[in-house]
Number of protein chains: 2
Amino acid sequence: MYERKIPLNLNCGLDLIGEVLYGKWKMRLLWFINQGHKRPSELQRKIPDASRRVLTIQLKELEDHELISKVIYPVVPPKVEYSLTDFGKTLIPVIGAIGGWGDEHEERLRSLILKRLDSKP
Amino acid sequence: MYERKIPLNLNCGLDLIGEVLYGKWKMRLLWFINQGHKRPSELQRKIPDASRRVLTIQLKELEDHELISKVIYPVVPPKVEYSLTDFGKTLIPVIGAIGGWGDEHEERLRSLILKRLDSKP
DNA sequence: CAGTATCCGAAGGGATACTG
DNA sequence: CAGTATCCCTTCGGATACTG
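Residue numbers run consecutively from 1 along every chain, following the written order of its sequence. Working convention: letters from A go to chains and numbers from 1 go to ligands, in the order in which they are written. Side-chain atom pairs in this predicted model are given and counted only at pLDDT of 80 or more, local residue features only at pLDDT of at least 70, and totals for whole chains, interfaces and linings cover all residues. Side-chain measures were taken over the full set of non-hydrogen atoms in the model, leaving aside hydrogen atoms and water.

Undergrad: Help me get a handle on the UniProt feature "domain: HTH hxlR-type" (unreviewed entry) in chain A, residues and values and all.
TA: Those places that UniProt annotates as "domain: HTH hxlR-type" (unreviewed entry) correspond, in this numbering, to residues 12–110 of chain A. Helical segments are the DSSP runs of H or I of at least four residues, strand segments are the runs of E of at least two, and each set is numbered from the N terminus. With 61% helix and 12% strand, the stretch residues 12–110 of chain A has end C-alpha atoms that lie 30 Å from each other. UniProt positions are given in the numbering used here, feature names are shortened, and annotations may be inferred rather than shown by experiment.

The following block contains the structure:
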């Protein structure tokens, strides 16, 4: 049985959603899958900055958390498709709100983030 | 000048909001500050699982990102108060949506998270 | 095409003790 | 009360090469 070394907090909604959405590319994966980009190679093309390994890992986590489901077609070459579960679909408006806020304040955010990095260590 | 070793992605709203909200306790800090819990010791009491050091760091980051502002009263013992900026206030509905989704699916999430941890390594 | 194995560095965050 | 300084370990994610 797995034992986390760093304590897990599951006290409130913010903790809980953190557990399923943390991971650098997860929200984008959900977003693109929702838009109909279902195959791993497609997602990889949509998110070229991510390594294939990490995409696979995060897709697996999303699947374990029942936000997406996976269908493997027994053909050569292999074909795989992901789709949102009903549960996963309920998250889309939330991700929309998050991304919407980010888009709305895009320039300001970019400048604040870069300013902070410049003055850091 | 600071240089990130791990690439920074600032391509879309989801990246940008990630930069300012990543950090284990940041959303909760904003939430509690919004509810009128302004002093560090108060926040510490609200979030006992976090160490004082990390709270200080994350408060500083929120301040650098102009989501909160800090007032230091020149008294002994020291007194400090944080408040949301107008910019920070625009985030509250988003955090509400995030936490709301988490609360709404609380039981299911908790069980999924724990199940995944159990079967992990 | 999809996924796995290995290796490694970066960054987050916890504990503790300390200062003003 | 508020904040800082160390120290250290966990976890995340990147690069690359490989298998079915």
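Undergrad: Describe the protein's contact with DNA strand D, and please don't skip the residues or the numbers.
TA: Near DNA strand D, the surroundings consist of 22 residues, among which Lys24, Arg53 and Gln58 of chain A together with Ser41 and Lys70 of chain B are the closest. Here the atoms of DNA strand D within 4 Å of the protein split so that 69% fall in sugar or phosphate, with bases taking the remainder. At a separation of 3.0 Å, a base nitrogen of DNA strand D approaches a polar side-chain atom of Arg53 of chain A. Polar contact is defined as a pair of N or O atoms within 3.5 Å, subject to the rule that within protein one atom must be able to donate a hydrogen and the other to accept it, and that residues adjacent in sequence are counted only when both atoms are side-chain atoms. One of the side-chain N or O atoms of Ser41 of chain B is found 2.9 Å from a phosphate oxygen in DNA strand D. Elements that contribute at least two residues to the surface near DNA strand D include exactly helix 4 (52–64) of chain A together with helix 3 (40–46), helix 4 (52–64) and strand 2 (79–84) of chain B. Here the residues of the surface near DNA strand D sort into 10 nonpolar, 5 polar and 7 charged. Residues are classed as near a molecule or strand on a simple rule: at least one heavy atom within 4 Å of it. Residues are grouped as follows: nonpolar covers Ala, Val, Leu, Ile, Met, Phe, Trp, Tyr, Cys and Pro; charged covers Asp, Glu, Lys and Arg; every other residue, Gly included, is treated as polar.

Undergrad: If you had to explain the environment of Glu61 of chain B to someone new, which residues and values would you point to?
TA: Along the chain, the position of Glu61 of chain B falls in helix 4. Residues Glu61 of chain B and Leu21 of chain B lie 40 residues apart in sequence; the distance between their C-alpha atoms is 9.5 Å. Only heavy atoms matter for contacts: two residues are in contact if any of them lie within 4.5 Å across the pair. Once residues within four sequence positions are removed from consideration, Glu61 of chain B is found in contact with Arg116 of chain A together with Lys26 of chain B. Within polar-contact distance, the side chain of Glu61 of chain B engages the side chain of Lys26 of chain B at 2.6 Å.

Undergrad: Go over the side chain of Gln58 of chain A, please, and point to the residues and values.
TA: Residue and element names in this part refer to chain A. Its location among the elements puts Gln58 in helix 4. Residue exposure (1.4 Å probe, protein chains only): buried if accessible area is under 20% of the type maximum, exposed if over 50%, otherwise partly exposed. With relative accessibility at 9%, the residue Gln58 sits in the buried group. At a separation of 3.4 Å, a polar atom in the side chain of Gln58 contacts the main-chain amide nitrogen of Lys26. In contact with Gln58, other than residues within four places in its own chain, are Gly23, Lys24, Trp25, Lys26 and Leu29.

Undergrad: Talk me through the environment of Glu106 of chain B; I want residue IDs and the actual numbers.
TA: All names here are of chain B. In this fold, Glu106 is placed in helix 7 (residues 106–118). Glu106 gets classed as partly exposed once you look at its relative accessible area, which sits at 27%. Taking the C-alpha atoms as reference, Glu106 lies 26 Å from Glu42; in sequence the two are 64 residues apart.

Undergrad: Talk me through the pairing of strand 2 of chain B; I want residue IDs and the actual numbers.
TA: All names here are of chain B. The criterion for strand pairing is that DSSP finds at least two bridges linking the strands in question. Across 6 bridges, the pairing between strand 1 (residues 68–73) and strand 2 is antiparallel. What sits directly across from Tyr73, in strand 2, is Lys79. Connecting strand 1 to the antiparallel partner strand 2 that follows it, the hairpin turn spans 5 residues.

Undergrad: I'd like a description of the protein's contact with DNA strand C, backed by residues and values.
TA: Around DNA strand C sit 22 residues in total, of which Ser41 and Lys70 of chain A together with Lys24, Arg53 and Gln58 of chain B are the nearest. Taking all atoms of DNA strand C within 4 Å of the protein, the share assigned to sugar and phosphate is 65%. Within the side chain of Lys70 of chain A, an N or O atom sits 2.6 Å from a phosphate oxygen of DNA strand C. Within the backbone of Lys24 of chain B, one N or O atom sits 2.6 Å away from a phosphate oxygen of DNA strand C. Among the residues making up the surface near DNA strand C, the classes are represented as 10 nonpolar, 5 polar and 7 charged.

Undergrad: Would you mind going over the relation of the copies chain A and chain B in detail, with residue names and values included?
TA: Overlay of chain A on chain B (RMSD 0.0 Å): rotation 180°, translation along the axis 0.0 Å. Such a turn and shift between the copies fits a two-fold axis. Comparing interface residues between copies, 100% of those in chain A also lie at the interface in chain B; the contact surface is shared. Superposition of the copies used a least-squares fit over C-alpha atoms from residues whose pLDDT is at least 70 in both.

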